[in-house]
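Structural overview
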Amino acid sequence: MKRVMGLVCLLVFASASEAASTLKAGTFDPPRSAPDFTLQGSDGRELKMSTYRGKVVLLSFGFTSCADVCPTTLGTLAQTRRNLGANAANVQVVYITVDPERDVAERMKAYLHGFDPSFVGGTGTAQQLAAVRNDYGISAEKKVFPDGGYLYAHSSFTYLIDRAGRIRALMPYGHSPDDYVHDLTILLKE
Amino acid sequence: MRARTTALLVLAACGVAALAWLGFTPIESASHDRIFDIPKGTWARRMSGDKVEILPDHIRLTLGLRDVLVLRNHDTVPQIFGPTLMMPGQSFRLPFERAAEYQFACTAHASGQMTIVVEPNPATPWARILWRAREWHNSHP
């Protein structure tokens, strides 16, 4: 039995390594488990990363008042899902705010709905969100303007988390929907 | 006088031949990886007040030759390395397919940014000479 389990582990590892070498995103070796968290979901339910085991998750961080990076990323991810066709049902976009002051669940829901109604946002207390950012190595720095307005300079990449809940890759900002479709097609086949 | 002139001519001919070789010989690269390692004990050194700079804030890559950034954490604790959080023993491999300037948020640098410049494949003799000179400089810091 131990030999069989060992063989299975070896095959899973080999298939992950093979896929990793062909992805357009940056890949982690070995991949680690995506840290779980519990936040308030924009759909009114509890948002946990572990809920999406069995799907490939695209995890991104930002804020709804973001003028450039976030709309571009979310637009790209929405186009990616459209290009995936039927496979889109196995891909979940999760967008976690770095701006808990303004990004309440209702606001996130309305914002994300404009891109793709299936997108789920996550919000919570400043402490909860800071803990999630820490677990995922996300930077977010608040920049306050003289008039009291503010924005966040934040990490702009998107994590690709496989069906088994492992952080497999990191897609830097600026990649096309075609690049996402390429990588997702590989990860969905596993 | 004549011997000196001959020697200078030979020297000049050798220089021209070397430049021609550097400029016209196609560049082949055994590995596309530009590797940066966090050595074991880095965290401990930082904790003791040692300023440890492993990753430059500007990295130059070249399409088709050296176009994969590889980061490896050999330390015993997780580290923010470049754009990402890396676990002990983990490596991160980021390929580039387009020549451009890429900005990453990076808390390890004072500027908070890391810039990766991906240059096109050196197609002209002069570009090949410059590329070889830079590679030589990088391998003999």
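Here's a quick rundown of the structure. For every chain, the first residue of the written sequence is number 1, and numbering continues from 1 onward in sequence order. Written order decides the labels, with chains lettered from A and ligands numbered from 1. Local features in this predicted model are restricted to residues whose pLDDT is 70 or higher, and side-chain atom pairs enter the listing and the counts only when it is 80 or higher, whereas totals over whole chains, interfaces and linings include all residues. Excluded from the side-chain calculation are hydrogens and water; included are all heavy atoms of the structure.

It is worth spelling out the nonpolar core at this point. Leu59(A), Ile96(A), Tyr136(A), Tyr159(A), Ile161(A), Leu69(B) and Ile116(B) are the most contacted members of the largest nonpolar core, which totals 73 residues. Here this core gets 6 residues from one element, more than from any other, and that element is helix H2 (residues 69-84) of chain A. Take the buried Ala, Val, Leu, Ile, Met, Phe, Trp, Tyr and Cys residues and link them wherever side-chain atoms come within 4.5 Å; each set so joined is a nonpolar core. Accessibility here uses a 1.4 Å probe with only protein chains present; expressed as a share of the type maximum, an area under 20% marks a residue as buried, one over 50% as exposed, and anything in between as partly exposed. The helix and strand labels rest on DSSP assignments: H or I over at least four residues marks a helix, E over at least two residues marks a strand, and numbering proceeds from the N terminus.

Another aspect to go through is the sheet that holds strand E3 (residues 46-48) of chain A. When DSSP finds two or more bridges between a pair of strands, those strands are recorded as paired. As summarised here, the arrangement of the 11 strands in space is E3(A)-E2(A)-E6(A)-E5(A)-E4(A)-E9(A)-E10(A)-E1(A)-E6(B)-E3(B)-E1(B), forming an open sheet in which the pairing is mixed. Either end of the sheet is taken by a strand with one partner, and the two such strands are E3 of chain A together with strand E1 (33-38) of chain B. Taken over all neighbouring pairs, the strand axes of this sheet differ in orientation by 30° on average, direction set aside. In the sheet, strand E2 (residues 38-41) of chain A pairs with E3(A) via 3 bridges, with the strands oriented antiparallel. Its bridge partner lying in E3(A), Thr38(A) is registered against Lys48(A). Contacts are assigned to residue pairs that have any heavy atoms within 4.5 Å of one another. Interaxial angles span 0 to 180 degrees and are taken between N-to-C directions of axes, which are lines fitted to C-alpha atoms, for helices over the stretch in contact. Those strands touched by H2(A) are strand E4 (56-62), strand E5 (91-97) and strand E9 (158-161) of chain A, and its axis lies near 170° from that of E5(A). Lying over the sheet, helix H3 (residues 105-113) of chain A contacts E2, E5 and strand E6 (120-123) of chain A, oriented at roughly 155° with respect to E6(A).

In this section: the packing of aromatic side chains. Put simply, two rings from Phe, Tyr or Trp (the six-membered ring, in Trp's case) pair if the centres are within 6.5 Å, and we call them stacked under 30 degrees between planes, edge-to-face over 60, tilted for the rest. All told, the structure shown has 11 aromatic pairs over all chains when counted by the stated rule. A centroid spacing of 5.7 Å and a plane angle of 70° characterise the contact between Phe63(A) and Tyr152(A), whose relative ring orientation is edge-to-face. Here Phe63(A) is found in the loop between E4 and H2, whereas its partner Tyr152(A) is found in strand E8 (residues 150-154), with 89 residues between them in sequence. Overall, the relative accessible area of 13% leaves Tyr152(A) in the buried class. Aromatic ring contacts, followed pair by pair, group Phe28(A), Phe37(A), Phe61(A), Tyr136(A), Phe157(A), Tyr159(A) and Phe92(B) into a single cluster. Positioned above the aromatic ring of Tyr150(A) is the side chain of Arg102(A), whose terminal nitrogen or guanidinium carbon lies 3.8 Å from the ring centre. The ring of Tyr150(A) carries the charged tip of Lys142(A) above its face, separated from the ring centre by 4.2 Å. By definition here, charges over rings are those cases where NZ of Lys or CZ of Arg is within 6 Å of the ring centre and within 35 degrees of the ring normal.

Before going further, it helps to examine the pattern of salt bridges. Residue and element names in this part refer to chain A. Each salt bridge in this description consists of a side-chain nitrogen of Lys or Arg and a carboxyl oxygen of Asp or Glu lying within 4 Å of one another. The final tally for this structure, using the stated rule, is 16 salt bridges over all chains. Linking Asp 162 and Arg 168 is a salt bridge whose minimum nitrogen-to-oxygen distance equals 3.0 Å. Exposure class is identical for Asp 162 and Arg 168. Each is buried. Linked by salt bridges that have partners in common, Asp 162, Arg 166, Arg 168 and Glu 190 make up one network.

Moving on, we get to the pairing of E4(A). Residue and element names in this part refer to chain A. Across the 7 residues that make up E4, a large majority, 7, are buried. The two faces of E4 match: Val 56, Leu 58, Ser 60 and Gly 62 on one face and Val 57, Leu 59 and Phe 61 on the other face are all buried. Looking at chain direction, E4 and E5 are connected through 7 bridges and run parallel. Across the sheet, the residue bridging to Leu 59 is Val 94, located in E5. In this view, the connection linking E4 to its parallel neighbour E5 by way of H2 has right-handed handedness. As defined by bridge partners, E4 adjoins E9 across 4 bridges and the pair is classed as antiparallel. Across the sheet, Ser 60 pairs through a bridge with Thr 158, a residue of E9. When the strands point away from the viewer and the path from the first strand over the helix to the second turns clockwise, the crossover is right-handed.

Before going further, it helps to spend a moment on the sheet that holds strand E2 (residues 58-62) of chain B. All names here are of chain B. The 3 strands are arranged E2-E8-E7 in an open sheet whose pairing can be described as mixed. At either end of the open sheet lies a strand with only one pairing partner, and these are E2 and strand E7 (100-105). The mean angle between the axes of side-by-side strands here comes to 20°, regardless of whether they run parallel or antiparallel. As paired strands, E2 and strand E8 (residues 113-119) are joined by 5 bridges and run parallel to one another. Among the inter-strand pairings, Thr 62 is bridged to a residue of E8, identified as Glu 119.

Attention shifts here to the interface of chain B and chain A. Interface extent is often summarised as the accessible area lost during association of the parts. Contact with chain B, which involves 17 residues of that partner, is made by 23 residues of chain A. Regarding the contact of chain B and chain A, the summed buried area is about 1,500 Å², with carbon and sulfur atoms giving 55% of it. Counting the surface chain B buries against chain A, the share from its top three residues, Leu85(B), Gln90(B) and Phe92(B), is 28%. Pairs of N or O atoms within 3.5 Å make up the polar contacts considered here, provided that, within protein, one atom can donate a hydrogen while the other can accept it, and that residues adjacent in sequence are counted only when both atoms are side-chain atoms. Put simply, chain B and chain A have 5 residue pairs in polar contact (both at pLDDT 80 or more) between them. Elements with a minimum of two residues in the side of chain B that touches chain A: strand E5 (84-86), strand E6 (91-95) and E7 of chain B. It is E6(B) that contributes the most residues to the side of chain B that touches chain A, 5 residues altogether. Looking at the side of chain B that touches chain A residue by residue, the classes come out as 9 nonpolar, 5 polar and 3 charged. Pairing of strand E1 (residues 26-33) of chain A with E6(B), which is carried by 3 bridges, proceeds in the antiparallel orientation. Throughout, the accessible surface (probe 1.4 Å) given up by two parts as they are put together, summed over both, is called the buried area. Each residue is assigned to one of three groups, with Ala, Val, Leu, Ile, Met, Phe, Trp, Tyr, Cys and Pro labelled nonpolar, Asp, Glu, Lys and Arg labelled charged, and all others, Gly among them, labelled polar.

The next thing to look at is the environment of Ser111(B). By the element assignment, Ser111(B) lies in the loop between E7 and E8. Distance in space between the C-alpha atoms of Ser111(B) and Ile59(B) is 14 Å, their sequence separation being 52 residues.

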